[in-house]
Amino acid sequence: MRNLSLLTDLYEFSMANGFQKDMLETRATFDIFFRKVPDQGSFVITAGLQQIIDALPFSFTPEDIDYFRSLHLWGDDFLDFLANFKFDCHLRAIPEGTPVFPRESLMTVEGPIAQAQLLETLLLTILNHESLIATKARRITFAAGDRPIMEFGARRAQGPDSAIYGARAAVIGGAASTSNVLAGKLFNVPVAGTMAHSWIEAYPDELTAFRQWAKYYPDNSALLVDTYDVLSSGVPNAITVFKELRAKGHEPVGIRIDSGDIASLSRQARKLLDDAGFPKAKITISNALDENIIESLLHQGAPIDNFGVGEKLITSSSSPVLSGVYKLAAIEEDGKLIPKIKISDSREKVTIPGQKQVYRLYRHNTNDAFADLIALIDEPVADQHELNAYDSNPLSVNKVQKLNDFDAVPLLQPVDLNQHASNPLDIQTFSKQAIAELPDETKRLTNPDTYHVYMTTKLAELQDELVNGN
Ligand SMILES: Nc1ncnc2c1ncn2[C@@H]1O[C@H](COP(=O)(O)OP(=O)(O)OP(=O)(O)O)[C@@H](O)[C@H]1O
Ligand SMILES: O=P(O)(O)OC[C@H]1O[C@H](OP(=O)(O)OP(=O)(O)O)[C@H](O)[C@@H]1O
Ligand SMILES: O=C(O)c1cccnc1
């Protein structure tokens, strides 16, 4: 694992330098949350916790300290502090794969303020990226239904890290496999793929190219049929090779189409394959696919079995930013954590103060989640079945709601920095279960219904008090 301790903005060090002088032992709590869901969806799939665990505890090497010294920004006392500090931050996080909603904390950091401040950029870059791609993958796999999505994006990702961790996040969000071999090795997820046009172009003709492929991969013969002409050349040549394979006792896998009008080509290719006696040969489609094109193709009745999805998934190109933020929620005074708030010009940006817990509320004795609730950490929410709740969205008109007959399950859990990494496919399974618990109206891709995130009365009053008292 690379040392990512310096992957932070300069101002974090500048602040830590001052904190080290003014409040060395003072502890603080920071929250990570976001305000807007990409693609106007209703929820984000959280991902990236494992990479944060891998990057911690952070520390600085003698070379790092030499580099800091060369900047001539800070004195020896701060450089000694950086060289010698013992990591003492405690993280709580909502597990990877969980659907999460605006304004609720996905992660909290509690620790000496100079250390906790230094974590901001690193935690955000990891969580924002992986959660963004897991969320996009969830949208794409939702559109595809039970048809597998192969993640094909490495070549179009914004650099190697986005390709590698994006592939992991794509699997968390629902992709069945990745074409990225390094991601396959690092995260123990399935790798899969077909062939490129270069394979076909390299041989004297398409039939020879298909035959050679079938010779080397008799049981993995997904042939790319659109190099010359799908219907007059690609599919007929594939059928010829499929017949030869079957004569030798191998069942062909199928074809891939990567251009043209996919609905019409897949329909005609299906008929040719069926008529030739290959109803089980699968049709894989690729070419700048996303959830909208996939929905449209399926709506057009295109007989597609698998989708290969690259650039629009790995870059989340339609909505390429998840703006998770890191905000101070409490700071120690006289041995107690005192809630803090950020009030800004825009009501939307007022933060929720204090050390908190996030609960998923289920209708009593069911797995039907209907809302989330943010509470102060020491409120006994899990024992209650009735309460007055305040919408955490400052723009909401129906501020107060009476909630009753619910079970509350806490979502933020302590993070063990030594915890064993889970397989992304297991996280995917967990994620699907957690999504299944949400109301169907909140899951549709277009104009999903709002899933409410409430605050307890105590928390709402605290927020009001701090807004009015400042
Ligand atoms: N029937 C269809 N309905 C909706 N979208 C389609 C359909 N057929 C293809 N598409 C999508 O339309 C977009 C453009 O397709 P087109 O074949 O013109 O792509 P292209 O990139 O120009 O082709 P090529 O890869 O040959 O250069 C792609 O994103 C493709 O997935
Ligand atoms: O379109 P994506 O969703 O990113 O899927 C991956 C693309 O990568 C390959 O294209 P290639 O690099 O050969 O370029 P092409 O667009 O000319 O096919 C493949 O044939 C897909 O079209
Ligand atoms: O295996 C494939 O078919 C593949 C892999 C990456 C990009 N495009 C296609």
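Everything numeric in this text was worked out from a predicted model, so none of it was measured. (Residues numbered from 1 in each chain as written. Chains lettered and ligands numbered in written order. Predicted model: local features only at pLDDT ≥ 70, side-chain atom pairs only at ≥ 80, totals over all residues. Heavy atoms only, no water.)

Some thoughts on the site of ligand 1
Near ligand 1 lie 13 residues; those nearest to it are G260, D261, I262, N287 and Q300. Between an oxygen atom of ligand 1 and a main-chain N or O atom of N287, the distance comes to 2.7 Å. Here a nitrogen atom of ligand 1 sits 3.0 Å away from a polar atom, N or O, in the side chain of Q300. About the coverage of ligand 1: the protein hides 54% of its 630 Å² of free accessible area. Elements supplying a minimum of two residues to the shell around ligand 1: helix 12 (262-275) and helix 13 (291-299). In terms of residues, the shell around ligand 1 owes the most to one element, helix 13, which gives three residues. Here the residues of the shell around ligand 1 are counted per class, giving six nonpolar, five polar and two charged. (Near = heavy atom within 4 Å. Polar contact = N/O pair within 3.5 Å; in protein donor to acceptor, adjacent residues only side chain to side chain. Areas by Shrake-Rupley, 256 points an atom, 1.4 Å probe, with all protein chains shown as cover. Helix = DSSP H or I, 4+ residues; strand = E, 2+ residues; numbered from the N terminus. Nonpolar A, V, L, I, M, F, W, Y, C, P; charged D, E, K, R; others polar.)

Some details on the side chain of S105
Along the chain, S105 turns up in the loop between strand 4 (99-100) and strand 5 (107-112). Once residues within four sequence positions are removed from consideration, S105 is found in contact with D31, I32, F33, I94, K356, V358 and L412. (Contact = heavy atoms within 4.5 Å.)

Considerations on the sheet that holds strand 19 (residues 413-414)
Picture the strands of a sheet paired through backbone hydrogen bonds; they go either parallel or antiparallel. A sheet is described by the order of its strands in space; here six strands give the open sequence 13-12-1-5-3-19, paired in antiparallel fashion. Each edge of the sheet is formed by a strand with only one pairing partner; in this case those strands are strand 13 (336-339) and strand 19. Bridge analysis of strand 3 (residues 90-93) against strand 5 gives four bridges, and the strand direction is antiparallel. From the neighbouring strand, H90 faces strand 5, where its bridge partner is E110. Packing of helix 6 (residues 120-144) onto the sheet brings it into contact with strand 1 (27-33), strand 5 and strand 12 (325-333), and relative to strand 12 it is tilted by some 140°. (Pairing = 2+ DSSP bridges. Axes fitted to C-alpha atoms, helices over the stretch in contact; angles between N-to-C directions.)

What about the UniProt feature "domain: Nicotinate phosphoribosyltransferase C-terminal" (unreviewed entry) in the chain?
In the UniProt entry, the feature "domain: Nicotinate phosphoribosyltransferase C-terminal" (unreviewed entry) is given for residues 355-462. Regarding residues 355-462, the helix share stands at 18% and the strand share at 36%, and the terminal C-alpha atoms are separated by 12 Å. (UniProt positions renumbered as here; feature names shortened; annotations may be inferred.)

Digging into the domain arrangement of the chain
The domain boundaries assigned to the chain delineate domain 1 (10-133 + 320-468) and domain 2 (134-314). A separation of 39 Å is found between the C-alpha centroids of domain 1 and domain 2. In this assembly, 26 residues from domain 1 lie in contact with 27 residues from domain 2. Overall, the association of domain 1 and domain 2 removes approximately 2200 Å² of surface from exposure, summing both partners, and the carbon and sulfur fraction of that is 58%. By the criterion of area lost to domain 2, the three top residues of domain 1 are I133, P424 and L445, representing 34% of everything that side buries. At the boundary of domain 1 with domain 2, the tally comes to four salt bridges. In this structure, R168 and E96 form a salt bridge, with 2.8 Å as the shortest nitrogen-oxygen distance. Connecting domain 1 to domain 2 are 18 residue pairs in polar contact (both at pLDDT 80 or more). Going through the elements one at a time, strand 2 (44-45), helix 2 (49-55), helix 6 and helix 15 (424-436) are the ones with two or more residues in the side of domain 1 that touches domain 2. Broken down by element, the residue count for the side of domain 1 that touches domain 2 peaks at six residues, all from helix 15. (Domains from an automatic or database assignment. Buried area = accessible area lost by both parts, 1.4 Å probe. Salt bridge = Lys/Arg side-chain N within 4 Å of Asp/Glu carboxyl O.)

Some points on empty space enclosed by the protein
Tallying each qualifying case throughout the model produces two cavities of 30 Å³ or more. Estimates place the volume of the largest cavity at around 130 Å³. Along the wall of the largest cavity there are 18 residues; nearest its centre are F33, R103, V350, T351 and I352. Elements supplying a minimum of two residues to the lining of the largest cavity: strand 1 and strand 12. Tallying contributions element by element places strand 12 first for the lining of the largest cavity, with three residues. Residues belonging to the lining of the largest cavity are distributed by class as follows: six nonpolar, four polar and eight charged. (1 Å grid on protein atoms, 1.4 Å probe; cavity = no way out; pocket = protein on both sides within 12 Å on 5 of 7 lines; lining within 4 Å. Points joined across faces, edges and corners; volume = space filled by probe spheres on them.)

What to know about the nonpolar core
Counting residues in hydrophobic clusters, the biggest one holds 79 residues, and the most contacted among them are F242, I255, I257, L273, I294 and F307. Among the domains, domain 1 (10-133 + 320-468) and domain 2 (134-314) are the pair contributing at least three residues each to this core. Apart from the residues lying within four places of it in its own chain, the contact partners of F307 are A144, R147, P148, I149, M150, I285, L289, I294, L297 and L298. If you look at the next biggest cluster of nonpolar residues, it comprises 41 residues, including I65, A93, L122 and L127. (Core = buried A, V, L, I, M, F, W, Y, C linked by side-chain atoms within 4.5 Å. Buried < 20%, exposed > 50% of the residue type's maximum accessible area, 1.4 Å probe, protein only.)

Observations concerning the site of ligand 3
Around ligand 3, the surrounding shell consists of F152, R155, S179, G193, T194 and R256. T194 has a polar side-chain atom sitting 2.4 Å from an oxygen atom of ligand 3. Against a free-state accessible area of 260 Å², the protein chains account for coverage of 81% of ligand 3. Grouping the amino acids of the shell around ligand 3 by side-chain chemistry returns one nonpolar, three polar and two charged.

Examining the side chain of S396
Examined against the element boundaries, S396 turns out to sit in the loop between strand 16 (386-391) and strand 17 (400-404). Separated by 3.2 Å, the side chains of S396 and D391 make a polar contact.

Overview of the UniProt feature "domain: Nicotinate phosphoribosyltransferase N-terminal" (unreviewed entry) in the chain
Here, the residues flagged by UniProt with the feature "domain: Nicotinate phosphoribosyltransferase N-terminal" (unreviewed entry) are residues 6-128. Within the segment residues 6-128, helix and strand shares are 44% and 17% respectively, and the terminal C-alpha atoms sit 18 Å apart.

Some remarks on the sheet that holds strand 7 (residues 177-178)
With parallel pairing, the six strands of this open sheet are ordered in space as 7-6-11-10-9-8. In this open sheet, the two strands that pair with only one neighbour each are strand 7 and strand 8 (222-224). Relative to strand 11 (residues 306-309), strand 10 (residues 282-285) is paired through two bridges, and the arrangement is parallel. Bridge pairing links I285 to F307 in strand 11.

Comments concerning unusual backbone geometry
Note that the residue after L56, namely P57, is joined by a cis bond; omega there is -5°. With respect to the helices and strands, the residue P57 is situated in the loop between helix 2 and helix 3 (62-71). One non-glycine residue, N447, lies in positive phi territory at about 45°. Considering the arrangement of structural elements, one finds N447 in the loop between helix 15 and strand 20 (452-456).

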